[in-house]
Amino acid sequence: MKKILEVKNLTKTFQVNGGFLKKGKNLTAVDNVSFELMEGETLCLVGESGCGKSTLGRSILQIIKPTSGEVLFDGVDLCKLDEKKVRPYRKNLQMIFQDPYASLNPRMTIRELIGAPVRAFKLAASAEEFDKKIREVCSVVGISEDWLDKYPHEFSGGQRQRIVIARALILNPKFIVCDEPVSALDVSIRSQVLNLMKDLQAQFRFSYLFVSHDLSVVNYIGDRIAVMYLGEFVELADKRELFRNPLHPYTQALLSAIPVADVTYKRERNYLEGEVPSPVDPPSGCKFRTRCKYAADICRQQKPQFVMVSEEHYAACHMQHCV
Ligand code: SF4
């Protein structure tokens, strides 16, 4: 498989300017993250709210400029390019947002919304060609041509997310960041949208970085899963391996919290204790140590390295009984 994206030591730090956080401090939202993504692959990012998943996706797309590190796409480091030079790459780098209503301008028709990227990149020489491109993407995504002269408020959440997907696909991208794309949808509609996303990926071979806090969703759509805690990757593995053999205590706790429909099913719960520490002032050593039942002195003194523990299974933990 061809490598499509390489992220090396990516870090995004924000300067705190007041509010309930101390002014003048730094908030590290993404901390030294590295990974590779292959053509046609889906890498899922999971973790609690505020762990840096969305910031990582936006930093890769250069929607927010990373503080340091590299994002290599087609061998070019996007972090070194200014907005004007990044623009040609944006055809291949798309994003699907969580709230399909907020991401569609309510004053534009569906035709205008889906066609906006074609106009922005001047990819249609005539009105006929513009319409042809829209009709093609609509048939791929399952949008009726009757929808095209209507407005976003006339559609349900699932239909609006189809429109957002059509807009992302019309430029034939190679890489799509999906930021909680189904979490705002009814459960009954989620599987339809997830199936659509999977089918489209099988057809067009693009790669997803799929951000979600829902482990059942990532288990369905992902190939590999990366677990994030306070801006860092703490575990990364093939999804079957991760669900079968979670190594990091944080991953173990997340997996044990997945609800099971069978009320007679008994299992040992591995509850997380305490609150997520402030990212402005994270714990020394292992950032997870304040909530980890295995924490020892070394965890306070030394930061665990993110290392390969078994084949393509990475984790960051000092303790042998965890890793
Ligand atoms: Fe827990 Fe220590 Fe492992 Fe961190 S390094 S997860 S505190 S055992």
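Being a predicted model, the structure only gives us computed values, none of them experimental.

A.B. asks: Which parts of the structure should I look at to understand the site of the ligand?
C.D. replies: Within the structure, the ligand sits among 13 residues, and Cys286, Cys292, Cys299, Cys317 and Met319 are positioned closest to it. More than half of the atoms of the ligand fall within 2 Å of the grid points belonging to the largest cavity. When the residues that make up the shell around the ligand are grouped by side-chain class, the tally is ten nonpolar, two polar and one charged.

A.B. asks: Quick question: what am I supposed to make of empty space enclosed by the protein here?
C.D. replies: Sizing a probe to match a water molecule and rolling it over the atoms shows the empty space that remains. Counted according to the given criterion, the structure contains one cavity of 30 Å³ or more. For the largest cavity, the calculated volume is near 80 Å³. If you go around the largest cavity, you meet 13 residues; those closest to its centre are Cys286, Cys292, Cys299, Cys317 and His318. Of the residues that constitute the lining of the largest cavity, the class distribution is ten nonpolar, two polar and one charged.

A.B. asks: What am I meant to see in the packing of aromatic side chains here?
C.D. replies: One pass over the structure, following the stated rule, counts ten aromatic pairs. On the basis of an interplanar angle of 40 degrees and a centroid distance of 4.7 Å, the ring pair of Trp147 and Phe155 is categorised as tilted. Judged on exposure class, the residue Trp147 and its partner Phe155 are both buried. Centre to centre, the rings of Phe306 and Tyr314 are 5.8 Å apart; their planes meet at 20 degrees, and the pair counts as stacked. By relative accessible area, which is 29% here, Phe306 ends up partly exposed. Cation over ring: Arg87 sits above Phe121, and NZ or CZ is 4.9 Å from the ring centre. Here the basic side chain of Lys198 rests over the ring of Tyr220, its NZ or CZ set 4.5 Å away from the ring centre.

A.B. asks: What am I meant to see in helix α6 (residues 187–204) here?
C.D. replies: Count 3.6 residues to each turn of an α-helix, and residues three or four apart come out pointing the same way. Its 18 residues place the ends of α6 26 Å apart at the C-alpha level, agreeing with the 26 Å of an ideal helix rising 1.5 Å per residue. Among all positions of α6, only Val193, Leu194, Leu196, Met197, Leu200 and Gln201 are buried. One face of α6 carries all of its buried residues, which in axial projection span an arc of 160 degrees. With respect to the buried face of α6, the exposed residues turned more than 90 degrees away are Ser188, Asp199, Ala202 and Gln203. A positive backbone phi angle near 65 degrees is found at Arg205, which sits one or two residues after α6.

A.B. asks: Would you mind showing me how to read unusual backbone geometry here?
C.D. replies: Across the chain, the bulk of peptide bonds are trans and the bulk of non-glycine residues have phi less than zero. If you check the backbone angles, Asn32 has positive phi at about 60 degrees while not being a glycine. Counting through the fold element by element, Asn32 comes out in strand β2 (residues 26–38). Even without glycine at this site, Glu312 takes up a positive phi of about 55 degrees. By the secondary structure assignment, Glu312 is in the loop between β11 (307–310) and β12 (313–315). Its relative accessible area of 46% is what places Glu312 among the partly exposed residues.

A.B. asks: Would you mind showing me how to read the pairing of β11 here?
C.D. replies: The two faces of a sheet get side chains in turn, since along a regular strand they alternate between them. In this sheet, β12 lies alongside β11 in antiparallel orientation, the contact comprising three bridges. Of the residues in β12, the one forming a bridge with Met308 is Tyr314. Linking two consecutive strands that pair antiparallel, namely β11 and β12, is a turn of two residues; a positive phi of about 55 degrees is found at Glu312 within it.

A.B. asks: Any chance you could explain the sheet that holds β2 here in plain terms?
C.D. replies: Strand pairing in a sheet relies on backbone hydrogen bonds, with the paired strands running either antiparallel or parallel. The four strands lie next to each other as β2-β1-β4-β5, forming an open sheet whose pairing is antiparallel. If you trace the sheet from one side to the other, it starts and ends with β2 and β5 (76–77), each paired once. The strands that helix α1 (residues 53–60) touches are β1 (3–15), β2 and β4 (68–73); relative to β1, the one it contacts most, it runs at about 115 degrees.

A.B. asks: Looking at this structure, how should I read the packing of helix α3 (residues 110–120) against helix α4 (residues 127–141)?
C.D. replies: α4 packs onto α3 with a crossing angle of 115 degrees between their chain directions and a minimal axis gap of 10 Å. Along this stretch, α3 crosses α4, giving a crossing that reads as right-handed. For the pair α3 and α4, the contacting residues are Arg111, Ile114, Gly115, Val118 and Arg119 in the first and Phe130, Asp131, Lys133, Ile134, Val137 and Cys138 in the second.

A.B. asks: Would you take a moment to explain the sheet that holds strand β10 (residues 232–238) for this structure?
C.D. replies: The mixed open sheet is built from eight strands, whose spatial order is β6-β7-β8-β3-β9-β10-β12-β11. One side of each edge strand has no neighbouring strand; the edge strands of this open sheet are β6 (93–96) and β11. Going from strand to strand, the sheet's axes swing by 25 degrees on average, the running direction of each strand aside. With five bridges connecting them, strand β7 (residues 175–179) and strand β8 (residues 207–211) associate as parallel partners. By the bridge assignment, Val177 is partnered in β8 with Leu209.

A.B. asks: Help me out: how do you make sense of the nonpolar core in this one?
C.D. replies: What tends to happen in soluble globular proteins is that the nonpolar side chains get buried as a cluster. One finds Ile114, Val141, Ile165 and Met197 to be the most contacted residues of the largest nonpolar core, which totals 58 residues. Among the elements that make up this core, the one with the highest residue count is helix α5 (residues 157–169) (six residues). Excluding anything up to four places from it in sequence, Val141 contacts Arg162, Ile165, Ala166, Leu169, Leu196 and Leu200. Ranked by size, the runner-up nonpolar core spans 30 residues in total, among them Leu37, Leu45, Leu56 and Phe233.

The rules behind each value
Residues numbered from 1 in each chain as written. Predicted model: local features only at pLDDT ≥ 70, side-chain atom pairs only at ≥ 80, totals over all residues. Heavy atoms only, no water. Near = heavy atom within 4 Å. 1 Å grid on protein atoms, 1.4 Å probe; cavity = no way out; pocket = protein on both sides within 12 Å on 5 of 7 lines; lining within 4 Å. Sits in = over half its atoms within 2 Å of the grid points. Nonpolar A, V, L, I, M, F, W, Y, C, P; charged D, E, K, R; others polar. Points joined across faces, edges and corners; volume = space filled by probe spheres on them. Phe/Tyr/Trp six-rings, centres within 6.5 Å; stacked < 30°, edge-to-face > 60°. Buried < 20%, exposed > 50% of the residue type's maximum accessible area, 1.4 Å probe, protein only. Lys NZ or Arg CZ within 6 Å of the ring centre and 35° of its normal. Helix = DSSP H or I, 4+ residues; strand = E, 2+ residues; numbered from the N terminus. Expected span 1.5 Å × (residues − 1). Arc of directions from axis to C-beta. Pairing = 2+ DSSP bridges. Contact = heavy atoms within 4.5 Å. Axes fitted to C-alpha atoms, helices over the stretch in contact; angles between N-to-C directions. Left-handed = near helix turned anticlockwise from the far one by under 90°. Core = buried A, V, L, I, M, F, W, Y, C linked by side-chain atoms within 4.5 Å.

Nothing here speaks to function; it is geometry throughout.
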